[in-house]
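Here's the letter readout for the chains.
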Amino acid sequence: MAVIGTIRQRLGGLLIVLIAFAMLAFILMDMGGAKNGPQRAGTALLKVNGEEIPYRAFEDRLKANEQFMLQNLIQQGQLEAGSSLSEQQREMVRSSTYNEMLGETLKNETYKKLGIQVDDEEQKALFFVDEFQHPSIKSSFADETGKFSQQRFEQYIKTLGAPDPSSGLTPEESRARWANFERAIFQERKDNKYNALIEKSTNIPNWMAKQMLANNNATANIEYVYLPYNSIDDATISVSDAELKKYIETHKEAYQQDASANIKYVVYPIKPSQEDINEVNTWVNNKFNQWKEAENDSLFVMANSEKRWDGVYYKENELMNSFATNMFTDEVGTFYGPTNSGATYDVYKLVDRKAIPDSLKARHLLLTGEGLQSQEEFLNLLDSLTNLVEKEGVPLASLTAQFSNDKANANNGGDLGWVTPGQMVAPFNNAIFYDMNVGDVKTVYTEFGVHLVEVYQWGTTSPGVKVATLQKTVFASEKTTNDIYAEASLFAGNNQTKEAFNTNAKEAKDAPSVLKTANTIQGLQGNARELVKWAFENEAGKVSAPFIVGDNFVVALLNGKSEKGLAALENVRAIVEADVMKDKKAEQLKAKLNSKDLNSLASSNNTTVKTANALSFNNVTLAGVGNEPKVAGAALGLANNAVSNPIQGENGVFVVKTTSKTDAPEVTDLSAVKTRSSSYASGVQVKVFDALKEAAKIEDNSFSFY
């Protein structure tokens, strides 16, 4: 069963990798916070070209993916057993699952048209045929030699629906994990076929290779006269709404937008009152006095402190408190505090101080119970081995080959080599570094089994201290929270119009262009999904009741809304005004550059003729001016000593004279250029997917669910 547990862990890891890959490949849009909706079980979350992705199918995939991520984080030690995913982590999994299912639906429709599939024979080959076998199958079901074991694979399949406490999964969850694993492997196989097809069909024709060579190697030296836009005062330029609207109409592609809401809001922080602070201070001082009389520090801390007892010895640079230096010189048993950091009150006690090795060498013999028939047999074996080592003096290293279940080092005396603090799981780490000296043998229990451990060499030692912490968080009480909510509600009730809100919300903040799929709002920490949903379910001018966002109550004004399509002027006014003013300034400046004689133009405009060398399509920077691609392009297109008409650039208007040019060398063998340009193939894959999405008819109903 231990082997099966290991395999299950590896499968879970693979799926997290695949989910992460899906996130990178299909980052298309954000998802919101979930609500249970069993009545929606038959409703489509998405429709892609008429094909439905049911809400229930999405929820099933989402639940499996959340379980995979949770198990993976627990296995990596980032979460404790029994923990749950944070809201941010759940949002991440939800977003990746959404993009994963949207991507699969879009691509599989294309794969079907192209005849790309993974038939039954190929599926078998991915599991059993060495040259086609998926790498994750090989590694997940490998034997002690690293080779694929069909016996282990078959054992896993046989126990797939059986309860397995080592994995923490129900039989249904185990079957769902395996189904997801299979689906991911087969989908990856189809993706690889499609990507190979795209790569093989991507070709750099000769004319394109020659053009690329010219772009990389052709250069021009120029003289130019430049009149910057900022030489004209903005106040002298008038722009009407009619001109701005006309500009938007003639530049429609640049001003397309998704549906969005403009939100204005006031914040009421949920923070502790002075009464709350005093209450925590009193509690900590009372507990501090009790601690002085306590007989067992670890039991006292575990019973009273919000900071867990860890039993770790810390070096001075590892301690995160203001008494670190003192703790390495003061008497053991010294108390420090109470201190108030603002967020917590803390009391510290110096429990112990001793020399700790920076590294050490150890060996172990691991017993997992694998191959034994009963717990009694396991305990008898453990007792016999312990007696042999501790009482009869039999070297531990001589027993590992026959008895240790850790096959990675059983044949070399169980040697773990040099180990550094934190490298092993906590019980093992604490035993070898804090409770053992060179030559000691100790029995250690971990999640992997029972270890007989021997430390046989220390590296350099340095002082370490064990510190116990009594910690209490200062937080807003229920009464304080209710008072703050009442204050926010009073403001909302008394300011139900846009005019009243804007008049009385003295410290209101703006959150412009909030998308329908957003989970956060500019300037606020925390999940604001419910506030965003409220905005899209109401009319402009509406004032909300208080929402909880992070550690705040928030009252919002829906300042305006924009539908998907061409942006309304009020939403892009500042950007359009800047562009229209630039055009108007350019016309005035062009009128001043009405000659082909650069010296004459410079003199009449009180400036100088400037020079720039080695301009190319890859070098478009003019010193002291900035990037000017139109100037570089014009220079390369002019004949030697030819002078351009006025050029409206990024930073001003230019008249350019090309003084000399260097053409790209003639090359008959273009293979090197084509080889260097092979990266276009991977770029095409992304573009093709974007094109599939753009061409598809996608009906997104996720807003109704999350």
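Predicted model only: the values in this text are computed from it and were never measured.

So, about the nonpolar core. One finds Leu45, Phe58, Leu85, Tyr98, Leu102, Leu106 and Tyr706 to be the most contacted residues of the largest nonpolar core, which totals 21 residues. Within the residue set of this core, elements represented by two or more residues are strand S1 (44–48), helix H2 (55–75) and helix H3 (87–114). Looking at this core, the element that brings in the most residues is H2, giving 6 residues. Not counting chain neighbours up to four residues away, the residues in contact with Leu85 comprise Glu66, Met69, Leu70, Leu73, Leu79 and Arg90. Residues Ala261, Trp534, Ala535 and Ala556 belong to the second largest nonpolar core, which totals 20 residues.

Further remarks concern the packing of helix H4 (residues 120–128) against helix H7 (residues 171–201). The description of two packed helices rests on the angle between their axes and on the distance between the axes. Interaxial distance between H4 and H7 falls to 11 Å at its minimum, and their mutual angle equals 110°. Relative to H7, H4 is oriented roughly perpendicular. Residues Glu122, Gln123, Leu126 and Phe127 of H4 pack against Trp178, Glu182, Ile185, Phe186, Arg189 and Lys193 of H7. The class makeup of the residues in the contact of H4 with H7 is 5 nonpolar, 1 polar and 4 charged.

Further remarks concern the confidence of the model for the protein chain. Parts of the prediction with low pLDDT should not have their coordinates interpreted in detail. Here the protein chain averages 86 in pLDDT, while 91% of its residues score no lower than 70. A low-confidence stretch, residues 1–41 stays under pLDDT 50, and its non-local contacts, those more than four residues away or across chains, total 109 contacts.

Let us now look at the sheet that holds strand S21 (residues 647–648). Within the open sheet, the 4 strands sit side by side as S18-S3-S22-S21. Their pairing is antiparallel. Looking at which strands have only one partner, the edges of the open sheet turn out to be strand S18 (610–615) and S21. Two elements, strand S3 (residues 219–228) and strand S22 (residues 652–662), share 10 bridges in a ladder whose sense is antiparallel. The residue bridging Glu223 from the neighbouring strand is Lys657, located in S22. Against the sheet, helix H20 (residues 629–637) engages S3, S18, S21 and S22, with an angle of about 40° to S22.

Within the secondary structure layout, Asp346 lies in strand S8 (residues 344–357). No salt bridge forms around the buried Asp346; measuring N to O, its nearest opposite-charge neighbour Lys307 is 7.4 Å away. Side-chain polar atoms of Asp346 contact the side chain of Thr344, separated by 2.7 Å. One polar contact links Asp346 to Gln471, side chain to side chain, over a distance of 2.7 Å. The residues touching Asp346, leaving out its near neighbours within four places in the chain, are Tyr336, Gly337, Pro338, Thr339, Ser341, Thr469, Leu470 and Gln471.

A separate point is the sheet that holds S8. Ordered in space as S6-S13-S8-S7, the 4 strands form an open sheet in which the pairing is antiparallel. The two strands at the open ends of the sheet, each matched to only one other strand, are strand S6 (313–314) and strand S7 (335–340). Relative to strand S13 (residues 461–473), S8 runs antiparallel, the two sharing 13 bridges. Opposite Ala355, over in S13, you have Pro463 as the bridge partner. Lying over the sheet, helix H10 (residues 274–293) contacts S7, S8 and S13, oriented at roughly 130° with respect to S13. Set on the sheet, helix H11 (residues 297–304) makes contact with S8 and S13; between it and S13 the angle comes to about 35°.

The rules behind each value
Residues numbered from 1 in each chain as written. Predicted model: local features only at pLDDT ≥ 70, side-chain atom pairs only at ≥ 80, totals over all residues. Heavy atoms only, no water. Core = buried A, V, L, I, M, F, W, Y, C linked by side-chain atoms within 4.5 Å. Buried < 20%, exposed > 50% of the residue type's maximum accessible area, 1.4 Å probe, protein only. Helix = DSSP H or I, 4+ residues; strand = E, 2+ residues; numbered from the N terminus. Contact = heavy atoms within 4.5 Å. Axes fitted to C-alpha atoms, helices over the stretch in contact; angles between N-to-C directions. Parallel < 35°, antiparallel > 145°, perpendicular 65-115°, else oblique. Nonpolar A, V, L, I, M, F, W, Y, C, P; charged D, E, K, R; others polar. pLDDT = per-residue confidence, 0-100. Pairing = 2+ DSSP bridges. Lys, Arg positive; Asp, Glu negative; His and termini not counted. Salt bridge = Lys/Arg side-chain N within 4 Å of Asp/Glu carboxyl O. Polar contact = N/O pair within 3.5 Å; in protein donor to acceptor, adjacent residues only side chain to side chain.

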